[in-house]
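For reference, the chains in residue letters:
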Amino acid sequence: MPTKSQNPETIALHGGNYRADPATTAVAVPIYQTTSYQFNSTEHAGNLFALKELGNIYTRIMNPTQAVLEERVAALEGGVAALGVASGQAASLFAVQNICHAGDNFVCSTDIYGGSWNLFQNTMSTMGIECRFVDPSDPENFRRATDAKTRCYYGETLPNPKLAVFPIAEVAKIGRELGVPLIMDNTACPALCQPLKHGAAIVIHSTTKYIGGHGNSIGGIIVDGGNFDWEKHADRFPMLNQPDPSYHGAVWTQAVKPLGPIAYIIKARVTLLRDVGAAMSPFNAFMFIQGLETVVLRMRQHCSNAIAVANYLAKHPKVGKVIYPSVMTGEAKRRADTYLKDGYGGLVGFELKGGRDAGRKFIDKLQMLYHVANIGDARSLAIHPATTTHSQLSAEEQLKTGVTPGYVRLSIGIEHPDDIIADIDQALAAA
Ligand code: PLP
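Residues numbered from 1 in each chain as written. Predicted model: local features only at pLDDT ≥ 70, side-chain atom pairs only at ≥ 80, totals over all residues. Heavy atoms only, no water.

Moving on to the domain arrangement of the chain. When cut into domains, the chain gives domain 1 (8–290) and domain 2 (297–430). A straight line from the C-alpha centre of domain 1 to that of domain 2 covers 29 Å. Contacts between domain 1 and domain 2 engage 31 residues on the former and 39 residues on the latter. Carbon and sulfur atoms supply 57% of the area that domain 1 and domain 2 bury against each other, a total of about 2,700 Å² over both sides. It is Pro161, Leu192 and Tyr210 in domain 1 that bury the most area against domain 2; as a group they hold 29% of the surface buried on that side. Where domain 1 packs against domain 2, one counts two salt bridges. Across the salt bridge formed by glutamate 170 and arginine 334, the nearest N and O atoms sit 2.8 Å from each other. At the junction of domain 1 and domain 2, the tally comes to 13 residue pairs in polar contact (both at pLDDT 80 or more). Of all the elements, helix α7 (residues 168–178) adds the most residues to the side of domain 1 that touches domain 2, at three residues. Residues that form the side of domain 1 that touches domain 2 fall into these classes: 19 nonpolar, eight polar and four charged. (Domains from an automatic or database assignment. Contact = heavy atoms within 4.5 Å. Buried area = accessible area lost by both parts, 1.4 Å probe. Salt bridge = Lys/Arg side-chain N within 4 Å of Asp/Glu carboxyl O. Polar contact = N/O pair within 3.5 Å; in protein donor to acceptor, adjacent residues only side chain to side chain. Helix = DSSP H or I, 4+ residues; strand = E, 2+ residues; numbered from the N terminus. Nonpolar A, V, L, I, M, F, W, Y, C, P; charged D, E, K, R; others polar.)

Taken together, Ser87, Gly88, Gln89, Tyr113, Glu156, Asp185, Thr187, Ser206, Thr208, Lys209, Gly219 and Ile375 form the complete shell of residues around the ligand. The contact in question runs from a nitrogen atom of the ligand to an N or O atom on the side chain of aspartate 185, over 2.6 Å. One nitrogen or oxygen atom from the side chain of serine 206 is found 2.8 Å from an oxygen atom belonging to the ligand. Out of a free accessible area of 390 Å², the ligand has 90% covered by protein chains. In terms of residue class, the shell around the ligand is built from two nonpolar, seven polar and three charged. (Near = heavy atom within 4 Å. Areas by Shrake-Rupley, 256 points an atom, 1.4 Å probe, with all protein chains shown as cover.)

Before going further, it helps to spend a moment on the packing of aromatic side chains. Under the counting rule described, the total for this entry stands at 14 aromatic pairs. Aromatic side chains phenylalanine 39 and phenylalanine 49 sit 6.1 Å apart centroid to centroid with 65 degrees between the ring planes, which places their arrangement in the edge-to-face category. Of this pair, phenylalanine 39 sits in the loop between α1 (8–14) and α2 (42–49) while phenylalanine 49 sits in helix α2, and the two are ten residues apart along the sequence. Overall, phenylalanine 49 belongs to the partly exposed group, its relative accessible area being 45%. On the basis of an interplanar angle of 90 degrees and a centroid distance of 5.0 Å, the ring pair of phenylalanine 106 and phenylalanine 120 is categorised as edge-to-face. Placement of phenylalanine 106 in strand β2 (residues 105–109) and of phenylalanine 120 in helix α5 (residues 114–126) is noted, with a sequence separation of 14 residues between them. (Phe/Tyr/Trp six-rings, centres within 6.5 Å; stacked < 30°, edge-to-face > 60°. Buried < 20%, exposed > 50% of the residue type's maximum accessible area, 1.4 Å probe, protein only.)

When the charged atoms of two side chains with opposite charge come close together, those side chains can pair. Evaluation of the coordinates by the stated rule reveals 17 salt bridges. Salt-bridge contacts for arginine 143 lead to glutamate 140; the nearest nitrogen and oxygen are separated by 2.7 Å. Pair noted here: arginine 143 and glutamate 140 are both in helix α6 (residues 140–144), with a separation of three residues, about one helical turn. The class of arginine 143 is partly exposed, set by a relative accessible area of 29%. The salt bridge involving glutamate 177 is made with lysine 173; its shortest N-O contact spans 3.7 Å. Placement of both glutamate 177 and lysine 173 in helix α7 is noted, with a separation of four residues, approximately one turn of the helix. On the basis of relative accessible area, glutamate 177 is assigned to the partly exposed category, the value being 47%. For lysine 173, a relative accessible area of 56% translates into the label exposed. Residues participating in the shared-partner salt-bridge network are Glu140, Arg143, Lys173 and Glu177.

The next subject is the side chain of asparagine 47. Counting through the fold element by element, asparagine 47 comes out in helix α2. Setting aside its immediate chain neighbours within four residues, asparagine 47 contacts Lys52 and Glu53.

Spatially, seven strands are ordered β1-β7-β6-β5-β4-β2-β3 in an open sheet, and the strand pairing comes out mixed. On the outer flanks of this sheet lie β1 (81–85) and β3 (130–134), each paired with one strand and no other. Each adjacent strand pair in this sheet contributes to an overall mean axis angle of 20 degrees, direction not counted. As paired elements, β1 and strand β7 (residues 220–224) share five bridges and run antiparallel to each other. Within the sheet, the bridge partner assigned to alanine 82 lies in β7 and is valine 223. (Pairing = 2+ DSSP bridges. Axes fitted to C-alpha atoms, helices over the stretch in contact; angles between N-to-C directions.)

Where α7 is concerned, the buried positions are Ile168, Val171, Ala172, Ile174 and Gly175. For α7, the angular spread of the buried residues around the axis is 160 degrees, confining them to a single face. (Arc of directions from axis to C-beta.)

Now for the state of the cysteines. Under the definition given, this model contains zero disulfides. There is no disulfide at cysteine 100, and the cysteine sulfur nearest it, in cysteine 152, is 5.2 Å away. Cysteine 100 sits in the buried class, given a relative accessible area of 1%. (Disulfide = S-S within 2.5 Å.)

Quick look at the nonpolar core now. With 81 residues, the main nonpolar core has Leu313, Phe362, Leu410 and Ile424 as its most contacted residues. Inspection of this core shows a minimum of three residues originating in each of domain 1 (8–290) and domain 2 (297–430). If you look at the next biggest cluster of nonpolar residues, it comprises 50 residues, including Leu48, Phe120, Ala201 and Phe228. (Core = buried A, V, L, I, M, F, W, Y, C linked by side-chain atoms within 4.5 Å.)

Right under this line is the structure:
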C-alpha cells in the first residue's frame with residue numbers, strides 16, 4: 001500500500017507503489033539488472049508499445065528499480081510522475097528540449113550552475129534553441145523576455161555561488177498568466193523546498209548530489225507536477241498538442257489522458273529518452289534509493305552544521321564576507337524564509353580578505369574537507385572557484401556570477417560540526 005503520509009521522512013522510505021518485490025517479497029528494492037522484459041503475448045507487446053497499457057519494454061526507456069526511485073522522488077516533490085536519467089545535465093536538457101525545438105526560446109535565470117549555463121548557452125544554441133538569460137532578482141525580467149516562441153522559464157532554487165533563493169512563486173505566477181511553465185532545478189534543496197507547491201510545473205534534480213548523498217553515482221531526475229494545462233496553451237506547445245511523427249502521430253495531451261496528467265513526462269520518456277538514450281543504470285537507481293531513504297535526516301544535519309560554520313566564519317578576522325541565506329537581508333532573506341523550511345541548506349560561501357592567494361592557501365591546508373568539484377556529499381567539501389570551476393571566465397565574468405578572487409565555496413557535510421570548524425580554523429590560520 002502506498003503511504004498516505006505527507007511527511008517527507010515517511011515518503012522518502014515508503015513513497016510510491018513499492019511495498020515488497022512482487023517476485024520474491026524482498027523488502028529492499030532489488031537491482032533489476034536486465035536490458036529487456038519477456039512479453040506475455042503479441043497482444044501484450046502491442047499494447048505496451050501503443051501505450052494502451054504501461055509496462056516494461058526495454059531498460060533504455062524504463063526499469064523496475066528506476067521506477068521505485070521515480071515514484072518516491074515524485075511523491076517527495078508533490079508531483080504526479082518522474083523520469084530518471086543518466087545525469088543532472090541530461091535532466092536539465094530533457095526538461096527543456098521536451099517542449100522546445102529549433103526556433104523556440106526559453107528564459108533562464110542568470111544564477112544557475114555553470115554546467116547548465118554552458119549547456120543552455122552553447123550546446124542548445126547549436127540546436128537552434130535560444131536561451132535568454134535574465135537577472136532573477138527582479139521577477140518581471142522573465143515577463144519582459146517572453147514572446148510567442150517562449151516555451152518555458154528555468155531557475156535554480158538555491159544557486160551557488162550567490163546562494164540567493166529564486167523567486168519561485170513570483171516567476172511561476174507570471175508564467176501562468178502568459179502560459180509559460182516554470183522548470184526548477186531543486187538539486188540543492190530536496191526536502192527543504194517543494195517548488196511545485198509554489199507554482200512551478202516541473203522540477204529537476206541532479207541526484208548525484210543530496211539525493212544520492214554519498215558521492216558515488218551520477219544521475220538525474222525530472223518530476224512532472226501534473227499541474228500545467230498544456231491543452232489550454234495549445235499554440236505554445238505544439239509538441240504536446242499536435243501529432244508526433246516520431247510516435248505514429250500520437251497527440252501527447254490526448255494519448256495518455258486516461259492515465260492522468262502525465263503527457264509531459266510520458267513524452268520525455270518515450271521519445272527523448274528512447275532516442276537519445278541517456279538512461280540511468282539500474283545500479284545507480286538502487287544507490288539513489290539508498291540515499292533517498294535518509295535524505296531528510298541528512299538535510300537537517302547539513303543545514304545545522306552549515307549555520308554553525310556560517311556563524312563561525314562571520315566572526316573570523318580573515319573573512320571579509322559570509323554568503324549564506326541566514327545572514328542575508330532584505331528581499332533575499334525574505335525569499336529564503338519563504339521558500340526554504342527547516343534550514344538554509346548545506347552550501348556556504350565566504351570571501352577571504354587576502355584574495356586569490358589566500359583562497360588557494362586555505363584549500364591547500366585543509367585536512368578533513370575534500371577539495372572536489374562536487375556538492376551534496378555526506379562529507380564536507382571545499383573549492384576555490386576563481387582557480388577551478390570559474391577559471392575559464394574573465395575576471396569581470398567571474399564577478400558577475402558572484403565569484404570574487406577570494407571566494408571559497410563549502411558544501412558542508414554531516415560530520416560533527418566541531419570537527420568541520422576545527423579543520424576550517426586550522427586552514428584559515430595559514431591563509
Ligand atoms: N544542477 C546543479 C544545481 C548542479 O550543481 C549540477 C552539478 O553540479 C547539475 C545540475 C548537473 O548534475 P550532474 O553533474 O549530475 O550532471
